[in-house]
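What follows is each chain in one-letter form.
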Amino acid sequence: MKIKLLSFAVILGMVSASSVAQEFVLIDNEQGINVGNWSISDKDVQAKGKSFKVENTVLKGGKQEGSQVITISSDNFSINLSPTRGMGILSAQGDGIRLGWDSPVNEVVNPANINLESRGGIGWLDGFNEMMVRCGFEWTGHAVAADGMMYTLHGRAGNTPVSKLIVEIDEQAPYTITVKGLIKENTFKNSHLETWAGLSYVPGEQSFTVHDVVTNKGDYTRDYQIIYHSNYGQPILQEGAKFVAPVKEISPFNDYAKQGLKDWQTYLGPTKGFDEMVFNIYPYADAQGQTQVMLANKAGDKGAGIAFNVQELPVLSLWKNTDTLKQGYVTGLEPGTSFAYPVTIEREQKRVRQLAPGQSATFTLVYSLLANKQSVDAYQNHIKAIQGDRKTQVVNKPMAYE
Amino acid sequence: MKIKLLSFAVILGMVSASSVAQEFVLIDNEQGINVGNWSISDKDVQAKGKSFKVENTVLKGGKQEGSQVITISSDNFSINLSPTRGMGILSAQGDGIRLGWDSPVNEVVNPANINLESRGGIGWLDGFNEMMVRCGFEWTGHAVAADGMMYTLHGRAGNTPVSKLIVEIDEQAPYTITVKGLIKENTFKNSHLETWAGLSYVPGEQSFTVHDVVTNKGDYTRDYQIIYHSNYGQPILQEGAKFVAPVKEISPFNDYAKQGLKDWQTYLGPTKGFDEMVFNIYPYADAQGQTQVMLANKAGDKGAGIAFNVQELPVLSLWKNTDTLKQGYVTGLEPGTSFAYPVTIEREQKRVRQLAPGQSATFTLVYSLLANKQSVDAYQNHIKAIQGDRKTQVVNKPMAYE
Amino acid sequence: MKIKLLSFAVILGMVSASSVAQEFVLIDNEQGINVGNWSISDKDVQAKGKSFKVENTVLKGGKQEGSQVITISSDNFSINLSPTRGMGILSAQGDGIRLGWDSPVNEVVNPANINLESRGGIGWLDGFNEMMVRCGFEWTGHAVAADGMMYTLHGRAGNTPVSKLIVEIDEQAPYTITVKGLIKENTFKNSHLETWAGLSYVPGEQSFTVHDVVTNKGDYTRDYQIIYHSNYGQPILQEGAKFVAPVKEISPFNDYAKQGLKDWQTYLGPTKGFDEMVFNIYPYADAQGQTQVMLANKAGDKGAGIAFNVQELPVLSLWKNTDTLKQGYVTGLEPGTSFAYPVTIEREQKRVRQLAPGQSATFTLVYSLLANKQSVDAYQNHIKAIQGDRKTQVVNKPMAYE
């Protein structure tokens, strides 16, 4: 099966910056390729490092019919992502610890079955269950009717099936695996943003890198926004779990969140009626702009970290949705160019960025599973080093009202 | 073909209340199963009763591409239903008599091609042609903009492809065939209703049972509504056809229907410009809450009956759409928890029900083809027995105005 | 491959008015046929004229997954059209000259992935890249909220997958190839227009005929509108390119277009910030109502012509979208029953036509590639002959304001 399917893929030797990689084209709209079920392992490419497997599966049933999921796995770690849903990362897991959460939406919903305009522009919630979903790029944030249209919740990228999908495997140690998909947000007269959304993984590691390049393919300068909506539930999230970050400024998203300012660094257990509290954070970074944030469990022996650069992603939304388990017990650590306000507010407050014709913006985030106390401590110490003795300003007033 | 496809299905021995059944899984989102074209007959399962066949077909062409239809047939009766369209029943037929009607929508439209929000929230009409379509469960009734969203006409269930689809065949006489599908109305923060929508049929009979179980899978009490929109056209519907029911109270849905109160028990032939008249009915029932209603042709030798329980389904909408044949000459006998008013009115008038966390509601309806005078008379006599000497109150004023 | 696929097609001998044709059914919703990848050539049907090939391809990847494209080709000409997108013509090409244009929408977007209601009713722009797209038939023109609904930009036909698709090849010289698809715009209580949308091509020619029959299948008189939105970019469109037509009256679509009245017969090169100017034209025709219009390049040795009948299509919209290449450098020559104003204005100004129950309207347009100076001159001379010495009235005031 494997070998037969490989014969459909176009196999090209590709020279990258540092090494030669084997390239497998799983989807290509120009060449008429959509391979479907497919897999490859270290043995197929004669890699001599850690064992690994990359598998593509076409899902069946209900609203997920036809959705594809890629699973990248090695001995002690695996990652699931969906090319059909804008390369969103469904979950990752290692050492029995899951990065991700349980949404009432328990299918990988095919965007053909989603109407982003429904329920007053929040149809995005019909598909939301990812560990990481790209909210962008043409716009992001809460839904708002403006400019004669509805800016639907969190934009279109997360519900766009990729037009190209490529798996690359480096031919030299450490045999890095890269999966990248092309998201086209193309609308005549309105948008011409194309994004190569990528994920790289070194077999054996318990972290992976998200690397995106969004390009304005048009002849006019265009706005863009992005929020990397990164979400964690059990087992890391629990009563007494901690949010750790080098924080320059934190403020409540709205009046409801004001009461959460007193203990923004810790979490409640599943709490009926809690709904959600959101905090707007400006993180500190090191001299190169690098920073990192972390969620750790109460005991401090399980955690999830995200490292990013504040020049690329200057703000962080902290979304505490510690409602009941079935309602969705989850927190979002969301590096972005924007907060989650509607685009109208983000424009007013000058957080909407622009791309000149042909210009690209890149975003690199490293997601880590911290599977033991040592890893959690090390990650936390690095965060503390970034903070140093710099103060955290706690602002009591929301910066905007929807 | 048959045998090969069966090998894809997970065959489990299942113990039900009264018998052992063979179970065939045609769709399972968790196991990655969607069998597609498939069939089974009494010979395949060594049933010694009446002959039967159950067949699943994937449709092609136009807006129905990919829709599936299950046909259950025995010597003198057959039923068509679509798992892709929320287990809606397309038609049934026996002795040359069709239960169903002719809609201008003459395809089994795949919900991926329907926008429920279109035309101001009545996109549901782009797919409506069923003999019975479930209008619910999160909401039902006429479209209304409220709560910052559009409650689209008759809800989402009828345009939801099932996530699981199971065919069960009892291993003992009378070898009852059950087809059941799982409808998920799951939206983060909004809805977590899951419904097993089932249909049971005993080979050789000219009736079948609809049995649904809707469960609130969430942690919050949620509203639900359901209307079993059951629709009949020719040959039973004709000039002089009769609606027979044990009626406690009848009132016009709106001012236009007032003029129809004088002859609500009979039907016009196809009538240009008639459009539709709707009547709100509270039926009488027996001591156990059981009741039944019937449409009979003029001669009283062809009919369609629906039996249900008023504890489950306390109200009945009578929809007289005796417009021209091509416009859709059809009447709806619609047992429900609600009338067809918008959810806002149904809420005000306290007809919207609720399910506590984990709670289920069940609905059982028996649909009968009455293929001769004897059957029609017997069904009518039973209705008269339920009515007894109890009065019918005819109310002239609509209970609400949209 | 070819032979095997042919076995799926129902091969019928069909008697047409003038000749016997072989008929190949590629899609039929009633028979459950959707052949998919398929091809046939002159050799397969033992045609003794010019060589030709007709090929149907199922596209892959991104938002075009599952879209089908038919390519008709002979030695020096080829045509691409998409049955999935309402028989829209993607492009045609001959002698190195392309009829068509480059849209930022660079996929053949499957309508299942389009929401016509998005962006305030202009979701149509998410798929627009055709050389010719049918804008109709229930309504056309700019989006407008009226009658409690949104009349979305340019109607539904162009985003409707055909329910039937037939390829016919005449058995006698010149072995005319006809491809026709059935577009159903059926909505209960609202619309019952069905259109056979056809294209005929004689192998070896550099022109083709569009022939559509739209029928009101319902029992009520219904409005209809159609604009044949025919679009050309490079290489014919260029700075100094000319629009040539027998013009009785021309007026600006809106105030912005007023400034373009002085040089409406010529084009600018790609011009940043130009956006679009539209002109409303009433063409002159010959005694039989036949007329023709043309776009020619500056040198007058490349052109594209459209011939039609003003009894069928009395008006022409001239759409000059000479913006930058990447924004979409394109002009539309758009014969229609209506101008591009919203249906509300078209109704007021009495340009919306009606079909009685069962009535059909037919539209015939001949599209020509003019590949050299001789062809361009001949086409232009014919246009001049139609104009004769009749005056062109240039009206300065738009006939309506949106």
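Residues numbered from 1 in each chain as written. Chains lettered and ligands numbered in written order. Predicted model: local features only at pLDDT ≥ 70, side-chain atom pairs only at ≥ 80, totals over all residues. Heavy atoms only, no water.

In this structure, what is going on with the overall build of chain A? I would like to understand it.
Along chain A, the regular secondary structure elements total six helices and 27 strands. Taken over C-alpha atoms, the radius of gyration comes to 20 Å for chain A, in line with the 21 Å a tight globule of 402 residues would show. Here the C-alpha coordinates of chain A stretch approximately 60 × 55 × 45 Å along the principal axes. Counting all 402 residues of chain A, 63% fall into the buried class. In chain A, once contacts between residues fewer than 6 apart in sequence are set aside, the share between residues at least 24 apart is 67%. With an accessible surface of roughly 14,200 Å², chain A has 50% of that area assigned to carbon and sulfur atoms. (Helix = DSSP H or I, 4+ residues; strand = E, 2+ residues; numbered from the N terminus. Rg over C-alpha atoms; globule rule 2.2 N^0.38 Å. Buried < 20%, exposed > 50% of the residue type's maximum accessible area, 1.4 Å probe, protein only. Contact = heavy atoms within 4.5 Å. Areas by Shrake-Rupley, 256 points an atom, 1.4 Å probe, with all protein chains shown as cover.)

Hey, could you run me through the pattern of salt bridges in this one?
Pairing is possible between side chains of opposite charge, provided their charged atoms come close. Inspection of the entire model under this criterion finds 53 salt bridges over all chains. A salt bridge links Arg156 of chain B to Asp126 of chain A, with the nearest nitrogen and oxygen atoms 3.3 Å apart. Taken together, the residues span two chains, with Arg156 of chain B in the loop between strand E12 (149-151) and strand E13 (164-170) and Asp126 of chain A in the loop between helix H2 (118-121) and strand E10 (132-137). Given a relative accessible area of 13%, Arg156 of chain B falls into the buried group. (Salt bridge = Lys/Arg side-chain N within 4 Å of Asp/Glu carboxyl O.)

Looking at this structure, I do not really get helix H6 (residues 373-387) of chain B. What am I missing?
It helps to recall that an α-helix has 3.6 residues per turn; residues three or four apart then point in one direction. Residues and elements named next belong to chain B. The end-to-end C-alpha distance of H6 is 21 Å, a good match for the 21 Å that 15 residues give at a rise of 1.5 Å each. Of the residues making up H6, those classed as buried are Val376, Tyr379, Gln380, Ile383, Ile386 and Gln387. End-on, the buried residues of H6 take up no more than an arc of 110°, which puts them together on one face. The exposed set on the far side of H6, more than 90 degrees from its buried face, consists of Gln374 and Ala385. The inward-facing, buried residues of H6 abut strand E18 (242-244), strand E19 (247-252), strand E21 (290-296), strand E22 (303-309) and strand E26 (360-370). Gly388 lies just past H6 and shows a positive phi near 55°. (Expected span 1.5 Å × (residues − 1). Arc of directions from axis to C-beta.)

Explanation requested: the relation of the copies chain A and chain B in the structure shown.
Both copies of the chain are related through a single rotation about an axis accompanied by a shift along the same axis. Mapping chain A onto chain B leaves a residual RMSD of 0.0 Å; the transformation is a rotation of 120° accompanied by 0.0 Å of translation along its axis. Between the two chains, the operation in question is that of a three-fold axis. Distance from the rotation axis, computed per C-alpha, reaches its smallest value in chain A at Ala112 of chain A: 3.2 Å. When the interface residues of chain A are mapped onto chain B, a mere 8% of them again lie at the interface, so each copy presents a different face. (Least-squares fit on C-alpha atoms with pLDDT ≥ 70 in both.)

Would you mind going over the interface of chain A and chain C with me for this structure?
Interfaces are often sized by the accessible area lost when the parts come together. Taken together, the contact pairs 33 residues of chain A with 37 residues of chain C. Interface area, chain A with chain C, both sides summed: about 2,600 Å², of which 47% is carbon and sulfur. Its largest share of buried area at the contact with chain C, chain A owes to Phe188, Lys189 and Tyr220 of chain A, together 29% of the area lost on that side. Counting the contacts that link chain A with chain C gives five salt bridges. A salt bridge links Asp275 of chain C to Lys189 of chain A; its shortest N-O distance comes to 2.7 Å. Across the chain A-chain C interface, the total number found is 23 residue pairs in polar contact (both at pLDDT 80 or more). (Buried area = accessible area lost by both parts, 1.4 Å probe. Polar contact = N/O pair within 3.5 Å; in protein donor to acceptor, adjacent residues only side chain to side chain.)

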